[in-house]
Structure formats: structure tokens, C-alpha cells
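A look at the structure
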Amino acid sequence: MTTRVTINRLATGVPGLDEVLGGGLPEFSFNLIAGPPGCGKTTLAHQMMFALATPERPALYFTVLGEPPLKMLRYQQQFEFFDSESINSSIRFVNLSDDTVAGDLDQVLSRISDEVQAHNPALVFVDSFRAVVLPREADGDTRNSMQQFVHQLGTVMTSWQATTFLIGEYFAETGANPVFTVADGLIWLRQSVQRNSMVR
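If you're wondering where the values come from, they're calculated on a predicted model, not measured in any experiment. (Residues numbered from 1 in each chain as written. Predicted model: local features only at pLDDT ≥ 70, side-chain atom pairs only at ≥ 80, totals over all residues. Heavy atoms only, no water.)

What about the packing of aromatic side chains?
Put simply, the test is: Pairing of aromatic side chains requires ring centres within 6.5 Å, counting the rings of Phe and Tyr and the six-membered ring of Trp. Pairs whose planes differ by under 30 degrees are stacked, by over 60 edge-to-face, and all others tilted. Secondary structure elements follow DSSP: runs of H or I of four or more residues count as helices, runs of E of two or more count as strands, with numbering from the N terminus. Between buried and exposed lies partly exposed: a residue is buried under 20% and exposed over 50% of the maximum accessible area for its type, with that area taken using a 1.4 Å probe on protein chains only.
Under the definition given, this model contains six aromatic pairs. Ring centres of Tyr-61 and Phe-93 lie 5.3 Å apart, and the angle between their planes is 45 degrees; this geometry places the pair in the tilted category. You can see Tyr-61 sitting in strand S4 (residues 59-63) and its partner Phe-93 sitting in strand S5 (residues 91-95), a full 32 residues away along the chain. Note on Tyr-61: relative accessible area 0%, which makes it buried. Judged by centre distance (4.5 Å) and plane angle (10 degrees), the ring pair of Phe-125 and Phe-165 falls under stacked. Separated by 40 residues along the polypeptide, Phe-125 in strand S6 (residues 123-127) and Phe-165 in strand S7 (residues 163-169) bring together distant segments of the chain. Judged by its relative accessible area of 0%, Phe-165 falls in the buried class. Through successive ring pairs, a cluster of aromatic residues spans Phe-50, Phe-79, Phe-81 and Phe-82.

Below you can see the structure in the form of C-alpha cells.
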């Protein structure tokens, strides 16, 4: 006789998404939010984070963006889900730009691990995780760097029992990508022009 482990579902706060996901995101899952630039990946990640984060379930949001976090937050403040009182209480932003310039993935992973250990978050976001490996790939070092980084990050987050979201730019869903095999869940966003409107 075996006992099944109950997997808790986390409500995303995004209308209709929980139904698509069968009741919400599995707790402690390792998720990928992917799609082309400008399709709303960061906005979706923020919407879920503000819905899920509480003082008892804090969130860490690692940014590796070209724009400063303050500029990013200025855009996010336009949405109803944004809650300024959550910043630096249940939600903490960490800028990894300086850590990624040298392309030392071990250093980046160490910084993420240190922050996770210091703040014990239940939710972790890395935006954009592809930007983490770009310096190394630009130098011609493509030795499965992304796959290794994502695998190591997934191991760290699982050991800390954090629900993790990696946000990354991908232009095509076809083709074998080792990163997709590591993730527990994949949310793919698209955008297209219909008449005179951009539809996401």
C-alpha cells in the first residue's frame, strides 16, 4: 500500500490561467516562461509574483535586464496588480547585471544561492536567464553552459523548496532544447498582429 504525496497548487492571480493549469501552479515546481521579445513575459511573471507573494511566502526576483529594475518597476506600476507596499517586504529585487558581465556562471549561481539562503524565499524569478549565459556564448564557450546552469539552478531551488520561474527569450517552439527538458512546466507566450491590434 502506497501513500500519494499531495502536490499543492498555487493560484496565479491571472484570469483563466489557473483553469488551463489544472488548478494552478504546482508548488516547488521549476517553470519556464518563454517567448519572443515584447510578448509579455516579464509582465506575466510580475502578475503572478504580486498575486502569490506574502510575508509568509516571500519572493526573490533576480533581474539580468538591460534596463535598471527601477525603470522596469515604473512600467509595472501601470498595472492594477502592482502593490508598492509589497516591495522590500514580501518581494525583493536583486540585480545580477554586474555578476553576469564576466560570464562566470559559477559566480552567478553562487550569488543566487547566497541570496536564497539569506532570505529563504518561497518564490524565485530569474529574468532573463538567457542573459546569464550570453557573455559565455559570445566568447564561443557553448559547452552546454545553459543546460548546466539551468540544471544546477533547478537542483539548488529544489533543495530550498522554492517555486522557481525562469524567464527567457525564445523565438521558436520547435527543435530540441535541453532547457525545456529540465523544466517541470513551460508557459509559452505569443503575440501577433490582428487587424490594427497587437494580440498577446
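A look at the pairing of S6
Formally: Pairing between strands is defined by DSSP: at least two bridges between them are needed.
Counting buried residues in S6 gives five out of five residues, a clear majority hidden from the surface. Neither face of S6 is left uncovered, since the one carrying Leu-123, Phe-125 and Asp-127 and the one carrying Val-124 and Val-126 both have all their residues buried. Inspection of the sheet shows S6 paired to S7 by five bridges, in the parallel sense. For Val-126, the partnering residue across the bridge sits in S7 and is Leu-166.

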